[in-house]
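This is what each chain is made of:
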Amino acid sequence: MLGHHFAGRSNRFWKLLYDSRLVDEPLTYLDDWRLPEWHLGLTNIIGRASAGIDDLRPSEYQQGRRALEQKVVRYRPKILAFLGVTIFRRLFPDASPPSRVPALGATSASLARVPIYLLPNPSGRNAHYPYRRMLAAFRGLHELAT
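Residues numbered from 1 in each chain as written. Predicted model: local features only at pLDDT ≥ 70, side-chain atom pairs only at ≥ 80, totals over all residues. Heavy atoms only, no water.

A.B. asks: Hey, could you run me through the overall build of the protein in this one?
C.D. replies: Looking only at helices and strands, the protein features four helices and three strands. Helices (α) and strands (β) of the protein occur, in sequence order from the N terminus, as α-α-β-α-β-β-α. For the protein, the C-alpha radius of gyration of 15 Å lies close to 15 Å, the compact-globule estimate for 146 residues. Counting only C-alpha atoms and orienting by the principal axes, one finds that the protein spans roughly 40 × 35 × 30 Å. (Helix = DSSP H or I, 4+ residues; strand = E, 2+ residues; numbered from the N terminus. Rg over C-alpha atoms; globule rule 2.2 N^0.38 Å.)

Following this line, the structure appears as structure tokens:
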């Protein structure tokens, strides 16, 4: 919509980055281009707007996974963080049994030999995750990355 990641007013992503010390100054969606300064990057699995997850086709997830794997091979990050349980489940069904919600934090999954860390989706629509619980997950990522 605005051409930036996590631009919604109710999205807590930028505040979580700062409060968890993943970045050392407050940022907004207008600063998304600066994330490499902190050795962070953002990408979309599916690069088109949709009304909701039900509008996305399985083939789009698979294409997105292949494109992400190419980026991981190219940039070789230390950790790959996924924002959202649903996208993690769709891309790594073997690592997340449908009968239970995967735990936030380090997972058993990897992509191109890079371990995956699961974070909650910071959207304001994700009301069942209180801010303090999200912050604990983001701080866990900071501790693992340092």
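A.B. asks: Just to check I follow, could you spell out unusual backbone geometry for this structure?
C.D. replies: Phi is mostly negative for residues that are not glycine, and the peptide bonds are mostly trans. Positive phi is not limited to glycine here, since R76 has a value of about 50 degrees. Phi is positive for R113, which is not a glycine, with a value near 70 degrees. Position of R113 among the secondary structure elements: in the loop between β2 (105–111) and β3 (114–119).

A.B. asks: Please explain the environment of R48 as it appears in this structure.
C.D. replies: Its location among the elements puts R48 in the loop between α1 (13–19) and α2 (58–75). With relative accessibility at 36%, the residue R48 sits in the partly exposed group. Distance from R48 to E60, taken between C-alpha atoms, is 9.9 Å for residues twelve residues apart in sequence. Non-local contacts of R48, meaning those with residues more than four positions away in its chain, are made with D55, L56, R57 and E60. (Buried < 20%, exposed > 50% of the residue type's maximum accessible area, 1.4 Å probe, protein only. Contact = heavy atoms within 4.5 Å.)

A.B. asks: What's the story with the nonpolar core in this structure? I'm lost.
C.D. replies: Grouped burial of nonpolar side chains is what soluble globular proteins tend to show. One finds L17, L80, F82, F92 and I116 to be the most contacted residues of the largest nonpolar core, which totals 37 residues. For this core, the secondary-structure elements that each account for two or more residues are α1, α2, β1 (80–83), α3 (85–91), β2, β3 and α4 (131–145). Beyond its immediate chain neighbours, meaning those up to four positions away, I116 contacts L80, F82, F88, F92, G105, A106, T107, A109, S110 and L111. (Core = buried A, V, L, I, M, F, W, Y, C linked by side-chain atoms within 4.5 Å.)

A.B. asks: Whenever I open this one, the pairing of β3 confuses me. Can you help?
C.D. replies: Taken residue by residue, a regular strand's side chains alternate between the two faces of the sheet. Most of β3 sits inside the fold, with five of its six residues counted as buried. Bridge count for β1 against β3 is four bridges, and the pairing is parallel. Bridge pairing links A81 to Y117 in β3. Here β2 pairs with β3 via four bridges, running antiparallel. Paired with L111 across the strands is V114, a residue of β3. Once β2 ends, the chain turns through two residues before running back antiparallel as β3, passing A112 with a positive phi of about 55 degrees. (Pairing = 2+ DSSP bridges.)

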